[in-house]
Amino acid sequence: MKKFKYTLLLMMFGGMFASCNFLDKEPTKLTLENYFNTAEEANSFLTGIYAILSQSSFYGADYIYLVGGDDLSHYGGSGRAPATRGLICHNATVSDPAVTGFWYTLYSGINRANIFLENIDRVTDIDDATKSQYIAEARFLRAFYYFNLVQCWGDVPFKTSSTQDVSGLDSPRTDKQQIYDFIVAEMSEAAENGLPEFDSSDPGHISKSAAYGILARVCLFRAGEHYRDSNAPSDETTLRSYFQQAKDFALQVYGKHQLASDYWQVFIDMCSNQYNTDGSESIWEIEFAGNNTSDVVAEGRIGNIIGLAGPDLSNSSDVTGSADPGYAYEFIFSTPKLYRLYCMDVNHSFSNPSNNISTSYTIDDLMGLQVNYASGTAEEKAAAWELAKFKVKDRRFLWNIAPFVYVEGGGKNTGVTGRRFYEGNYFVNASTDEDGTANLLNVWNNYDNGRSYSYTCSSAQEAELEEQYPGFEYREGDYMYNSTSSSWQESSVGDYTYRSGNNHFTANIARACAKFRREYEADKKDKNFTSINFPVLRYSDVLLMLAEAENELNGPANAISYLNEVRQRAFGGDASYNLQEGLTKDEFRQVLKDERGRELCFEMLRHFDLIRWGELSERMSELVEFAQIGGEWNQGTSNVYTYFQLDDTYNYFPIPDAELSVNKAITSNNPGW
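A. Here's a closer look at the overall build of the protein. A count of helical and extended segments in the protein gives 25 helices and twelve strands. Within the protein, the fraction of its 673 residues that count as buried is 62%. Sequence-distant contacts in the protein: of pairs separated by 6 or more residues, those separated by 24 or more amount to 72%. Accessible area for the protein stands at about 23800 Å²; split by element, carbon and sulfur atoms hold 45% of it.

B. Layout of the side chain of Ser57. Relative to the assigned elements, Ser57 resides in the loop between helix H3 (39–51) and helix H4 (62–67). A residue is classified by how much of its surface remains accessible, and Ser57, at 10% relative accessible area, is buried. Polar contacts involving the side chain of Ser57 include one to the side chain of Thr105, which spans 2.5 Å. Those residues in contact with Ser57 that lie beyond four places of it in its chain are Asp62, Gly101, Phe102 and Thr105.

C. Structural view of the packing of helix H6 (residues 128–153) against helix H7 (residues 176–192). It is the contact of H6 with H7, at a shortest axis distance of 9 Å, that shows an interaxial angle of 150°. Considering their axes alone, H6 and H7 lie roughly antiparallel with respect to each other. The way H6 lies across H7 gives a crossing that is left-handed. Of H7, the residues touching H6 (which contributes Ala136, Arg139, Phe140, Arg142, Ala143, Phe144, Tyr146, Phe147 and Val150) are Lys176, Ile179, Tyr180, Phe182, Ile183, Glu186, Met187, Glu189 and Ala190.

D. Summary view of unusual backbone geometry. Residue Lys524 follows Asp523 across a cis peptide bond; omega there is 5°. Within the element layout of this structure, Lys524 appears in the loop between strand E11 (494–497) and strand E12 (534–538). Unusually for a residue other than glycine, Asn449 sits at a positive phi of about 55°. Residue position: Asn449 is located in the loop between helix H16 (440–448) and helix H17 (459–468).

E. Geometry of the pairing of strand E7 (residues 418–421). Across four bridges, strand E6 (residues 404–407) lies against E7 in antiparallel orientation. Bridge pairing in E7 places Val405 opposite Arg420. One ladder, built from four bridges, connects E7 with E11; its direction is parallel. Considered in E11, the bridge of Arg419 is made with Asp495.

F. A look at helix H21 (residues 585–600). With 16 residues, H21 extends 22 Å between its outermost C-alpha atoms, agreeing within 8% with the 22 Å of an ideal straight helix rising 1.5 Å per residue. Those residues of H21 lying buried are Phe588, Val591, Leu592, Lys593, Asp594, Glu595, Arg596, Gly597, Arg598, Glu599 and Leu600. Among the residues trailing H21, Phe602 stands out with phi positive, at a value near 70°.

Cut-offs used in this document
- Residues numbered from 1 in each chain as written.
- Predicted model: local features only at pLDDT ≥ 70, side-chain atom pairs only at ≥ 80, totals over all residues.
- Heavy atoms only, no water.
- Helix = DSSP H or I, 4+ residues; strand = E, 2+ residues; numbered from the N terminus.
- Buried < 20%, exposed > 50% of the residue type's maximum accessible area, 1.4 Å probe, protein only.
- Contact = heavy atoms within 4.5 Å.
- Areas by Shrake-Rupley, 256 points an atom, 1.4 Å probe, with all protein chains shown as cover.
- Polar contact = N/O pair within 3.5 Å; in protein donor to acceptor, adjacent residues only side chain to side chain.
- Axes fitted to C-alpha atoms, helices over the stretch in contact; angles between N-to-C directions.
- Parallel < 35°, antiparallel > 145°, perpendicular 65-115°, else oblique.
- Left-handed = near helix turned anticlockwise from the far one by under 90°.
- Pairing = 2+ DSSP bridges.
- Expected span 1.5 Å × (residues − 1).

Pasting the structure below:
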């Protein structure tokens, strides 16, 4: 059951919270004189500080438009114009509504925390332990909101007292390093004094683990601040201290959590209103609840903005279950670069065509790697098939990048009757000589183990299968798609793989994000609003941050074991795919960056990773020419290639013109804006 119903509480206290932005120039009178009398009221107000996280201007929706564009994911859709909000299409202005909304939302959360901390001592019926916990949570959240401001804007107005009246509200920008000192101190003290130990059934609350894990993230981003200012680190000792802090904070979490044995289950839990049913990996997630019809008003847009496209059956009350896997706009797609990262065997080089990573590869090396096993010479096809067999061993591939599209045998919005998988069998020599070991449908069924919806075909279709493909192994409802059979094409019943002649490979590999899947939501599903939670911090991220910090401090000798914990889980516990020893610091750094992409893609971390590595504009710009070519990136030639044309301006968000117009203490915007 969802622990927090943020939005419902926000509505209950809307009059009190509506004008809490300390940068708002005309706040209404706060009615606090008769509040903070009981522990229950204090808890309600604290929940209002948490409520900021789920607002539509934050994780509830717009955060995806703000930071969802990177070298592994992009906004898109067939014939779809660029987004009109956020930085995801790199067409933002200083009046962008998502940027403006995020700025004021964060300051609203800060002001709520300031109000809480100024008034909590008035509560008399609260025990010391509970009071300490509430204070620690408020302090952490205030620091977290400041971290988001610094990540996005750099130097920002800084205030630790609440807005009392309309006078004297012009507030200059404070040096970000001063704010970093505050963030680290506040989060550290909250973790040490008041925050509870992690409860695997309640990752919606801040715990010690959440605080220490976010602190590691803060310190790693701080260590890379000099890149976006085009400066060399002024003090190597100070820079090293940031990596040491990151390592120390990550070690506070290390060993206290357990990765889920199955990568898929982490996200099935988030999509199905469950918590850590396998391991204790989800450390902090933003909770959403409801279906836009009940008295629980706490829905988000995860799975709808970012998710697999499904038909809109929200008004068809009799269509449920597998026929209605949930509507999604399918705004977010993977890049061909992400697809190829899953084809990489980290222990081999590009010189071996069947095992294809070098620790110092170029983008031309990577993007030139042939992955289409239905095109080219026999040798090229065979090499591509080896890559296909490798990539499906990494279970993250089939979960993060859409392996199929839903189909409706009865026509649009009549109900899903099957799934068409993008990749099928490999024809070794002739149509009778096939290898189906990397057939996405076969591998999917093996990994899925009955957890997702299943679709069936008729007995006549099964008989046709047996006759046409003697010896083909299939389960009920699984069959190969033959584009020359009109009956199959029209009925589209059951699960099948793409096929055109001897071609079982869909050339477009820039496929939709599939990490957040609505089919696991309870019926009846709303069109746009979902109850899917969003991960802010997972244990796998902590392990990779620990590996990164250790490598920067001491090289890869000890760092490799942390990375391999993540990697071994990805391959179903098979240690033979672990990274081998012998890499240099630079080589390990590149492997680490790629592993973060494979593990954490679509979790809104990559944008800031690229900034702190000093690589945002370079990694984005180098993909422009590949998008313009099209082919395997079929949306690239339309608007999508322009989303990768950016310079260092996007290392920072623009300060909203709404703020500049009223806050005369801010005299200039960020560079380039």
